[in-house]
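# Geometric and topological summary
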Amino acid sequence: MQPLPRPSSLVAELTYQCPLHCPYCSNPLDIGAATYQSQLSTDDWARTFHQAHALGVLQLALTGGEPLLRKDIVELCAAAREASLYSSLITAGTLFTAERAEALKQAGLDHVQISIQSPEPAENDRIAGNRSFDKKLAAAALAKEFDFPLTLNCVLHRQNLDRIEQMLELTLELGAQRLELANTQYTGWAVPNQDALMPTWEQVQRGEAAVQRFRERVGPAVQVLWVLPDYYEELPKPCMGGWGQTTIVVAPNGDALPCQAASTIPGLEFGNVREQSLEWIWAESDAFTRFRGTDWMQEPCASCPIGHQEHDWGGCRCQAMRLTGDPAATDPVCQFSNHHDRVVSARDPAHQSDEFIYRHLKRPVHS
Amino acid sequence: MNRPRLMTGARLSFDSVRDEHVLLIPEGAVKLNPTAADVLGLCDGTRSLEQICTELSARYKGADVTDDVNGLLDALAQRGLVNDAATS
C-alpha cells in the first residue's frame with residue numbers, strides 16, 4: 001500500500017452557465033442535465049474550502065462555466081481567503097467590471113486568469129460564439145489596474161495555432177505575467193469537435209519554436225506554459241498529476257471528481273460535498289480510490305518497460321475509456337499501448353472539417 | 001538587485017498540514033526552508049539588499065549572510081519570483 005497522498009489543488013466549478021460557447025469546453029456534454037440544476041450554496045462552498053485546507057490544499061481555482069455568474073462570488077473569495085487558500089478566478093472576462101474587480105480585491109482574491117480564444121478579434125468572437133474580444137481586453141486592463149497578477153490562457157487548436165506569435169505579443173501588450181498555451185485536450189466538448197480542432201504536426205512544431213524564441217527574448221518576466229497536444233506524443237502525460245494524487249474537482253452540484261471529465265467513466269460513484277466530508281471523499285470514495293496508485297494497472301502498465309508507473313500514472317483514464325472502452329486500459333497515447341494506432345490515425349488530416357458544434361446548455365450532444 | 005520584492009501576487013504562507021514554509025504564486029507553490037522564508041519576509045521592495053543582509057545577520061548572531069542571500073535571490077529572480085523594485 002502506498003501512503004495516502006495529500007491534495008494541493010481544489011478546482012471549484014461554481015456554475016456551468018457561461019456567456020461563451022467554446023467548442024472545446026472541458027465541461028461535460030450534459031451540462032444542461034437535471035443533475036446540475038441544483039447548485040451548491042455559499043455555505044456549502046465555504047465549508048468545502050475549509051475542509052480542503054485541512055486536507056492540505058493550497059490552491060483554489062474558481063472556475064465554471066463563468067464563475068462571475070455566481071451572485072455570491074465576492075463572498076466566495078472572502079471565504080477562500082479565510083480558509084487560507086490562494087485563489088484564482090478563471091474567467092472569460094466579459095463580466096469583470098471595475099466595481100467587481102475592486103470588491104474581489106478587497107475580499108482577498110489573489111489572481112485573475114482571463115481566456116482569450118484568439119488574438120485576432122473576429123476569430124476570437126467566432127470561436128467563443130460570442131462577441132467578447134473587446135471586453136476581454138478591458139478586463140485584462142482592469143486586472144492590472146487593481147494590481148492582480150494576470151494570467152492569459154489560450155486553448156490552442158488547428159484554427160488558432162498559427163496566431164501564436166500574435167498571442168505572445170498580446171500578452172506583452174496587456175502586461176500579463178503568465179500565458180498558458182494549452183493544446184486542446186480531447187475531453188468534454190472537444191470530443192464531438194475533434195475533427196475541427198486537431199492541429200497538424202507542422203503547426204505544433206512552429207508553435208513550439210515561437211514559444212522558444214519568445215522565452216529567449218523576454219526572459220523570466222513572462223512565464224509561458226506550453227502544453228504539447230497528447231495526440232502528438234508517444235508517452236502519456238501524468239493526467240491531473242495522477243488520479244487522486246493532487247487535485248479535487250467539485251462540480252456545481254457538489255459531486256467531487258478526480259478530474260473534470262471523470263463523469264464520462266461509467267459506474268464511478270462520486271461522493272458529494274453536501275453529504276460527505278472532503279476528507280472521506282478523498283480517502284474513501286469509489287471515484288478517488290478506483291484508479292489511485294498503481295495496483296489497478298493492467299499490462300503494459302503493470303510491467304511498464306520504462307518504469308514510468310509513478311511518473312505518468314498510466315496517463316488519462318477518460319482517454320483510455322473513450323478510445324478503448326476500458327477505463328483501466330493504458331492510455332492509448334502511450335507507444336506501448338495496443339491501441340496506440342487509434343491515436344496515430346486521429347492525426348490524419350484527411351477527414352477534417354472546420355465546422356464547430358458550440359457548447360450549449362440545451363440539446364443533448366452524442367459524441 | 002537593489003530593493004528586492006516578491007513578484008506581483010506572490011504570498012508567503014506557512015503550510016501547517018505539511019509543516020513547511022511556502023511561497024504561494026499563481027497556480028503554484030514553492031517550498032521554502034526556514035532561512036529562505038526569513039529572507040523573503042524582508043523582501044518588501046522598500047528595504048535595500050544591504051539592509052536585508054544586516055537585519056538577517058543580526059538575527060543569525062552576526063553571521064555573514066551576504067553570499068547566501070545573493071544566491072537565493074538570484075535563483076528566485078531567474079524564475080521570475082523576485083524582482084527589483086528599484087528598476088520598475
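The following paragraphs examine the structure supplied in this document. Just so it is clear, the structure is predicted and the values come from calculations on it, not from any experiment.

## Considerations on the state of the cysteines
If you walk through the whole model with that rule in mind, you get zero disulfides over all chains. This cysteine, Cys154 of chain A, is not joined by any disulfide, and Cys22 of chain A carries the nearest cysteine sulfur, 10 Å off. On the basis of relative accessible area, Cys154 of chain A is assigned to the buried category, the value being 2%. Free of any disulfide, Cys53 of chain B has its nearest cysteine sulfur in Cys43 of chain B, 9.3 Å distant.

## Concerning the sheet that holds strand β9 (residues 255-257) of chain A
Each strand in a sheet pairs with its neighbour through backbone hydrogen bonds, running either in the same direction (parallel) or in the opposite one (antiparallel). All names here are of chain A. The 10 strands are arranged β7-β6-β5-β4-β3-β2-β1-β8-β9-β10 in an open sheet whose pairing can be described as mixed. Every interior strand has two partners, whereas the edge strands, β7 (223-227) and β10 (271-272), have only one. Sheet topology places strand β8 (residues 247-250) next to β9; two bridges connect them, and they run antiparallel. In the strand pairing of β9, Val250 is matched with Ala256. Contacts from helix α1 (residues 42-55) reach β1 (9-13), β2 (59-63) and β8 within the one sheet, and its direction differs from that of β1 by about 165°.

## A short note on the nonpolar core
Residue and element names in this part refer to chain A. Within the largest apolar cluster, 66 residues are counted, with the highest numbers of intra-cluster contacts made by Phe49, Phe96 and Leu181. Among residues more than four places away in sequence, those in contact with Phe96 are Leu68, Leu89, Ala101, Leu104, Val112, Ala139, Leu142, Ala143 and Phe148. Counting 24 residues, the second-largest nonpolar core is a separate cluster that includes Tyr36, Phe291, Trp296 and Cys316.

## Some thoughts on the pattern of salt bridges
All names here are of chain A. Enumeration over the complete set of coordinates arrives at 21 salt bridges over all chains. Of the charged contacts in the structure, one is a salt bridge between Arg47 and Asp44, with a shortest N-O distance of 3.2 Å. Of this pair, Arg47 and Asp44 both sit in helix α1, separated by three residues, roughly a single helical turn. Residue Arg47 is classed as partly exposed on the basis of its relative accessible area, which comes to 33%. On the basis of relative accessibility, which here comes to 12%, the residue Asp44 falls in the buried class. Via salt bridges that share partners, Asp44, Arg47 and Arg274 belong to a single interconnected network.

## Some remarks on the sheet that holds strand β3 (residues 20-25) of chain B
Residues and elements named next belong to chain B. Overall, antiparallel pairing links the three strands, which are arranged β2-β3-β4 in an open sheet. If you trace the sheet from one side to the other, it starts and ends with β2 (11-15) and β4 (28-32), each paired once. Strand-to-strand twist of the sheet, defined as the mean angle between neighbouring strand axes without regard to direction, takes the value 35°. By the bridge criterion, five bridges tie β3 to β4 in an arrangement that is antiparallel. Within the sheet, the bridge partner assigned to Val22 lies in β4 and is Lys31. Across the face of the sheet, helix α1 (residues 34-42) comes into contact with β2, β3 and β4 while running at roughly 115° to β4.

Reading guide: rules and limits
Residues numbered from 1 in each chain as written. Chains lettered and ligands numbered in written order. Predicted model: local features only at pLDDT ≥ 70, side-chain atom pairs only at ≥ 80, totals over all residues. Heavy atoms only, no water. Disulfide = S-S within 2.5 Å. Buried < 20%, exposed > 50% of the residue type's maximum accessible area, 1.4 Å probe, protein only. Pairing = 2+ DSSP bridges. Helix = DSSP H or I, 4+ residues; strand = E, 2+ residues; numbered from the N terminus. Contact = heavy atoms within 4.5 Å. Axes fitted to C-alpha atoms, helices over the stretch in contact; angles between N-to-C directions. Core = buried A, V, L, I, M, F, W, Y, C linked by side-chain atoms within 4.5 Å. Salt bridge = Lys/Arg side-chain N within 4 Å of Asp/Glu carboxyl O.

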